[in-house]
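In case you want the letters, here they are:
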Amino acid sequence: MSRSDALLRARVLDVVSRWDPESLLAMGCPEDEYEPEARSFAALLGQGVTITPEIVRQVWEEWFGPDSGFVRLASREVRAGFADELNQVALAVRERADT
């Protein structure tokens, strides 16, 4: 894994953890609880995919199923905010790698 890939994964995990979409961290789960989801988002971002609210839903359902609180309760606008943060992180990592 390249340094930029590792940085992207770490930054994506930071975003997902800060959002804590399933409130798992608030319940005391380990800090790396969202690592699998972060890997999925980072892999897509690393391939140049722009994360959309639909992609957020798809990735989330892959890991938590359609009954997850985030999938059921978060509006499209909320998922769009989450997607925007992920896309901004990818852009920042790419810009850093280019310098």
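In this text, all values refer to a predicted model and were calculated from it rather than measured experimentally.

### Concerning the overall build of the protein chain
No. 1: Helix and strand counts for the protein chain stand at 5 helices and 0 strands.
No. 2: Walking the protein chain from its N terminus toward its C terminus, one meets helices and strands in the order α-α-α-α-α.
No. 3: The C-alpha atoms of the protein chain give 13 Å as radius of gyration, which agrees with the globular expectation for 99 residues (13 Å, within 12%).
No. 4: Counting only C-alpha atoms and orienting by the principal axes, one finds that the protein chain spans roughly 40 × 25 × 20 Å.

### Details of the packing of helix α3 (residues 53-64) against helix α5 (residues 76-98)
No. 1: It is the contact of α3 with α5, at a shortest axis distance of 8 Å, that shows an interaxial angle of 90°. What the angle tells us is that α3 and α5 run roughly perpendicular. Along the contact surface, α3 presents Pro-53, Val-56 and Arg-57, while α5 presents Arg-76, Arg-79, Ala-80, Phe-82 and Ala-83.
No. 2: In the contact of α3 with α5, the residues fall into 5 nonpolar, no polar and 3 charged.

### Describing the confidence of the model for the protein chain
Detailed reading of predicted coordinates is not advised where the pLDDT is low.
No. 1: The predicted model of the protein chain averages 94 in pLDDT, with 98% of residues at 70 or higher.
No. 2: Mean pLDDT per element in the protein chain: helix α4 (residues 69-73) is the minimum at 92, and helix α2 (residues 35-46) is the maximum at 97.

Here is what the cut-offs are and how they apply
- Residues numbered from 1 in each chain as written.
- Predicted model: local features only at pLDDT ≥ 70, side-chain atom pairs only at ≥ 80, totals over all residues.
- Heavy atoms only, no water.
- Helix = DSSP H or I, 4+ residues; strand = E, 2+ residues; numbered from the N terminus.
- Rg over C-alpha atoms; globule rule 2.2 N^0.38 Å.
- Axes fitted to C-alpha atoms, helices over the stretch in contact; angles between N-to-C directions.
- Parallel < 35°, antiparallel > 145°, perpendicular 65-115°, else oblique.
- Contact = heavy atoms within 4.5 Å.
- Nonpolar A, V, L, I, M, F, W, Y, C, P; charged D, E, K, R; others polar.
- pLDDT = per-residue confidence, 0-100.

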